[in-house]
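An overview of the molecular structure
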Amino acid sequence: MPEVNKSTIKQLIEYIATSLVEDGREVKVTESTKENYTVMELSVSSADLGKVIGKNGQTARAIRTLVNAAASKAGDKIIFEIKE
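Residues numbered from 1 in each chain as written. Predicted model: local features only at pLDDT ≥ 70, side-chain atom pairs only at ≥ 80, totals over all residues. Heavy atoms only, no water.

1. Comments concerning the overall build of the protein
Broken down by element type, the protein carries 3 helices and 3 strands. Reading the helices (α) and strands (β) of the protein from amino to carboxyl end gives α-β-β-α-α-β. In summary, the protein has a C-alpha radius of gyration of 12 Å against a globular reference of 12 Å for 84 residues, a match within 12%. By principal-axis analysis of the C-alpha atoms, the protein measures approximately 35 × 30 × 25 Å. Buried positions account for 30% of the 84 residues belonging to the protein. Here the contacts in the protein between residues at least 6 apart in sequence split such that 56% fall between residues at least 24 apart. If you sum the accessible surface of the protein, you get close to 5,500 Å²; carbon and sulfur atoms cover 48% of it. When the 12 positive and 12 negative side-chain charges of the protein are each reduced to one mean point, those points stand 4 Å apart. (Helix = DSSP H or I, 4+ residues; strand = E, 2+ residues; numbered from the N terminus. Rg over C-alpha atoms; globule rule 2.2 N^0.38 Å. Buried < 20%, exposed > 50% of the residue type's maximum accessible area, 1.4 Å probe, protein only. Contact = heavy atoms within 4.5 Å. Areas by Shrake-Rupley, 256 points an atom, 1.4 Å probe, with all protein chains shown as cover. Lys, Arg positive; Asp, Glu negative; His and termini not counted. Charge placed at Lys NZ, Arg CZ, Asp CG, Glu CD.)

Shown next as structure tokens:
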């Protein structure tokens, strides 16, 4: 089983987002470290924003759940945000 770390979590976010959007070239995940946690911010084209957020935010919530589970396994605290 592969080791879970920030790099693999970033790749997971990129993979999910690229699978959801029309223009995968616009998918970018930026990572910034705060005091005791990391923020991973996803940006996509404005036309694809709704696909990543989903109806009533369900898709965004599902991505957050996966990120939190992976971060917990890695022993990290990661906040997932979608840049609008």
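2. Looking at the pattern of salt bridges
Two side chains bearing opposite charge may form a pair once their charged atoms approach each other closely. Following the criterion strictly, the structure yields 3 salt bridges and no others. Residue Glu 22 is joined to Lys 51 by a salt bridge in which the shortest nitrogen-to-oxygen separation is 3.3 Å. Of this pair, Glu 22 sits in the loop between helix H1 (6–20) and strand S1 (28–33) while Lys 51 sits in helix H2 (residues 49–53); the two residues are 29 residues apart in sequence, bridging distant segments of the chain. The class of Glu 22 is exposed, set by a relative accessible area of 66%. Using a relative accessible area of 35% as the deciding quantity, one classes Lys 51 as partly exposed. Of the charged contacts, one joins Arg 25 and Asp 23 as a salt bridge, the two residues approaching to 3.1 Å between their closest N and O atoms. The class of Arg 25 is exposed, set by a relative accessible area of 71%. (Salt bridge = Lys/Arg side-chain N within 4 Å of Asp/Glu carboxyl O.)

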